[in-house]
Amino acid sequence: MPYIAIKGFPKDDETLRKVAERINAALLELWGCRQEYINISYEAVPPEEWDERIEHGEIEQNRDKMLILGGKWTSREKKLTILHLDNCPYCHKARRALDELCEENPAYRGVAVEWIEEERESEAASRYTDYYYVPTIYAEGKKLYEAHPGDDYDKIKAAVKAALDAVV
């Protein structure tokens, strides 16, 4: 404890050493741990693999854990929870709308989004009892939007935007 994993475009050994030294010094000073407990790793990711493996893979899946996202400090208080189903076309529209809105407005990138897949994560989904349709969006336990059959993309995108605006 702690373990810091760095993934980035390939860098030379001198740059890697300097980055690791600075992180190490900050952990010693601010984390209050002993040197022998610090672990820092580095994985070079080729630029052509970055979007698929890291941006849309690891970062998207860990969005709610990010401290800095898109170069900006994320507030742990800025969080949406979205209940969804993998095979739901309305849920796919909500995810597409979220991606587009985050691309259009950098302030939205600081919002952590917890995606709960209703079938795979039934225990987590059971905390929410006031919805029937998915996607359903919550902030701090308050339901902000519940899709209904027939909602088109524009309606879903407007609802996702309203939810983001509620927590930014």
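Up top is the structure these notes are about.
Residues numbered from 1 in each chain as written. Predicted model: local features only at pLDDT ≥ 70, side-chain atom pairs only at ≥ 80, totals over all residues. Heavy atoms only, no water.

**Description of helix α2 (residues 47-61)**
A rise of 1.5 Å per residue sets the reference length of α2, with its 15 residues, at 21 Å; its end C-alpha atoms lie 19 Å apart and thus fit the reference within 8%. Those residues of α2 lying buried are Trp-50, Ile-54, Gly-57, Ile-59 and Glu-60. Buried-residue contacts for α2 involve β1 (3-8), β3 (68-69), α3 (89-104) and β6 (112-117). (Helix = DSSP H or I, 4+ residues; strand = E, 2+ residues; numbered from the N terminus. Expected span 1.5 Å × (residues − 1). Buried < 20%, exposed > 50% of the residue type's maximum accessible area, 1.4 Å probe, protein only. Contact = heavy atoms within 4.5 Å.)

**Some thoughts on the pairing of strand β8 (residues 142-146)**
Inspection of the sheet shows strand β7 (residues 136-139) paired to β8 by 4 bridges, in the antiparallel sense. Its bridge partner being in β8, Thr-136 is matched across the sheet by Glu-146. Hairpin remark: β7 followed by β8, antiparallel, with 2 residues in the connecting loop; positive phi at Glu-140, about 50°. (Pairing = 2+ DSSP bridges.)

**Brief notes about the layout of surface pockets**
Of the volumes computed, that of the largest pocket is approximately 1,200 Å³. What lines the largest pocket is a set of 31 residues, among which Ile-59, Met-66, Leu-67, Ile-68 and Leu-69 lie closest to the centre. Breaking the lining of the largest pocket down by element, the ones donating at least two residues are β1, α1 (13-31), α2, β3 and α3. When residues of the lining of the largest pocket are assigned to their parent elements, the largest contribution, 7 residues, is made by α2. Of the residues in the lining of the largest pocket, the class split is 18 nonpolar, 4 polar and 9 charged. If you add up the space inside the second largest pocket, you get close to 320 Å³. Around the second largest pocket sit 16 residues that line it, and His-84, Arg-95, Trp-115, Arg-120 and Glu-121 are the ones nearest its centre. (1 Å grid on protein atoms, 1.4 Å probe; cavity = no way out; pocket = protein on both sides within 12 Å on 5 of 7 lines; lining within 4 Å. Points joined across faces, edges and corners; volume = space filled by probe spheres on them. Nonpolar A, V, L, I, M, F, W, Y, C, P; charged D, E, K, R; others polar.)

**Things to note about the pattern of salt bridges**
Overall, the coordinates contain 17 salt bridges when judged by the stated rule. The salt bridge involving Glu-146 is made with Lys-143; its shortest N-O contact spans 2.7 Å. Judged by its relative accessible area of 12%, Glu-146 is buried. Through salt bridges with shared partners, a single ionic network connects Lys-7, Glu-43, Glu-49, Arg-53 and Glu-58. (Salt bridge = Lys/Arg side-chain N within 4 Å of Asp/Glu carboxyl O.)

**A word on the packing of aromatic side chains**
Scanning all chains against the criterion turns up 3 aromatic pairs. Summarising the aromatic geometry, the rings of Phe-9 and Trp-50 are spaced 5.6 Å apart at their centres and angled 75° between planes, so their arrangement reads as edge-to-face. With Phe-9 in the loop between β1 and α1 and Trp-50 in helix α2, the pair connects residues that are 41 residues apart, well separated along the chain. Seen from their ring centres, Tyr-132 and Tyr-133 are 4.9 Å apart, and the 90° between their planes marks the pair as edge-to-face. The ring centre of Trp-115 lies 3.8 Å from the NZ or CZ of Arg-95, which sits over that ring. Taking the ring centre of Tyr-153 as reference, the NZ or CZ of Arg-96 above it sits at 3.8 Å. (Phe/Tyr/Trp six-rings, centres within 6.5 Å; stacked < 30°, edge-to-face > 60°. Lys NZ or Arg CZ within 6 Å of the ring centre and 35° of its normal.)

**A few points about the sheet that holds β8**
Strand pairing in a sheet is mediated by backbone hydrogen bonds. Such pairs are either parallel or antiparallel. Taken together, 4 strands build an open sheet; the order of strands is β6-β5-β7-β8 and the sheet is mixed. On the outer flanks of this sheet lie β6 and β8, each paired with one strand and no other. Adjacent strand axes in the sheet meet at a mean angle of 25° when their direction is disregarded. (Axes fitted to C-alpha atoms, helices over the stretch in contact; angles between N-to-C directions.)

**Observations concerning the pairing of strand β2 (residues 39-44)**
Two faces, one strand: in a regular strand the side chains alternate between the faces of the sheet. Direction of pairing for β1 relative to β2: parallel, over a ladder of 6 bridges. Directly across from Tyr-3, in β2, lies its bridge partner Asn-39. The handedness of the β1 to β2 crossover, carried by α1, is right-handed. (Right-handed = clockwise from strand over helix to strand, strands pointing away.)

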